[in-house]
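# A closer look at the structure
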Amino acid sequence: VVAEQWNTWGWKVFDFLLLLFTIPHGINGLRNVLEDYIHNKTAMKLINVILAIFVVVTLFWAGYAIINFDSTPFMN
């Protein structure tokens with residue numbers, strides 16, 4: 001089903017936008033929880049940098065996969 005949907009750019013754009021909003025939202029929630037338990041400012045700065053890098057890398061990696069997905073091997 002996903003292979004059929006990703007034949008159109010509309011579904012690819014929709015899925016990428018879904019990623020664009022959900023990944024940062026989830027990581028921001030994790031960051032808020034961590035700030036409740038970690039009171040060391042230096043540690044939180046390091047964690048924020050790591051989480052930001054994770055978000056950027058994940059969005060590029062997932063975006064690349066969505067854009068370059070070839071559905072022909074999955075079609076009957």
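Residues numbered from 1 in each chain as written. Predicted model: local features only at pLDDT ≥ 70, side-chain atom pairs only at ≥ 80, totals over all residues. Heavy atoms only, no water.

### Some remarks on helix H2 (residues 9–37)
The following threshold applies: Every helix listed is a DSSP run of H or I at least four residues long, and every strand listed is a run of E at least two residues long, numbered separately from the N terminus. Take the number of residues in a helix, subtract one, and multiply by 1.5 Å to get its expected span. Think of it in three bands: with a 1.4 Å probe and only protein chains considered, a residue is buried below 20% of the maximum accessible area for its type, exposed above 50%, and partly exposed in between.
Look at H2: 43 Å from first C-alpha to last across 29 residues, which is about the 42 Å you get at 1.5 Å a residue. Turning to H2, its buried residues are Lys 12, Asp 15 and Ile 27.

### Some words on the packing of aromatic side chains
Stated formally: For this analysis, a ring pair means two rings from Phe, Tyr or Trp (six-membered ring only for Trp) whose centres lie within 6.5 Å, classed as stacked if their planes differ by under 30 degrees, edge-to-face if by over 60, and tilted for the remaining angles.
Under the counting rule described, the total for this entry stands at two aromatic pairs. A ring pair is formed by Trp 6 and Phe 69, whose centres lie 5.0 Å apart and whose planes are at 80°; its orientation type is edge-to-face. With Trp 6 in the loop between helix H1 (2–5) and H2 and Phe 69 in the segment after helix H3 (41–67), this pair connects stretches of sequence that are 63 residues apart. According to the relative accessible area criterion, Trp 6 is buried, its value standing at 16%. Using a relative accessible area of 25% as the deciding quantity, one classes Phe 69 as partly exposed.

### Some details on the nonpolar core
Stated precisely, the cut-off is as follows: Nonpolar cores are built from buried Ala, Val, Leu, Ile, Met, Phe, Trp, Tyr and Cys residues. Side-chain atoms within 4.5 Å join them into one set. Two residues form a contact once any of their heavy atoms are found within 4.5 Å.
Residues Ile 27, Met 44, Ile 47, Leu 51, Val 55 and Leu 59 constitute the largest nonpolar core, which totals six residues. Examining the composition of this core, we find that five residues originate from one element, H3, more than from any other. Here Leu 59 is in contact with Phe 16, Leu 19, Leu 20, Ile 23 and Pro 24, once residues within four sequence places are set aside.

### A few points about H3
Operational definition: Polar contacts here mean pairs of N or O atoms no more than 3.5 Å apart (in protein, one a potential hydrogen donor and the other a potential acceptor; neighbouring residues in sequence count only if both atoms are side-chain atoms).
The end-to-end C-alpha distance of H3, which contains 27 residues, comes to 39 Å, matching closely the 39 Å that a straight helix rising 1.5 Å per residue would cover. Listed as buried for H3 are Met 44, Ile 47, Leu 51, Val 55, Thr 58, Leu 59, Ala 62, Gly 63 and Ile 66. Turning to H3, the residues buried within the fold contact H2. The N-cap residue of H3 is Asn 40: its side-chain oxygen and the backbone nitrogen of Thr 42 are 3.0 Å apart.

### Quick word on the confidence of the model for the protein chain
Note the threshold: For every residue, the pLDDT score states the predictor's confidence, bounded by 0 at the bottom and 100 at the top.
Confidence in the prediction of the protein chain, expressed as mean pLDDT, is 92, and 97% of residues score 70 or more. Averaged pLDDT values over the elements of the protein chain bottom out at 80 in H1 and peak at 96 in H3.

### Things to note about the pattern of salt bridges
To be explicit about the condition: Criterion for a salt bridge: a side-chain nitrogen of Lys or Arg within 4 Å of a carboxyl oxygen of Asp or Glu.
Counting across every chain of the model gives one salt bridge. A salt bridge links Glu 35 to Arg 31, with the nearest nitrogen and oxygen atoms 2.8 Å apart. Taken together, the positions of Glu 35 and Arg 31, both in helix H2 and four residues apart, correspond to about one turn of that helix. Classification of Arg 31 as partly exposed rests on a relative accessible area of 25%.

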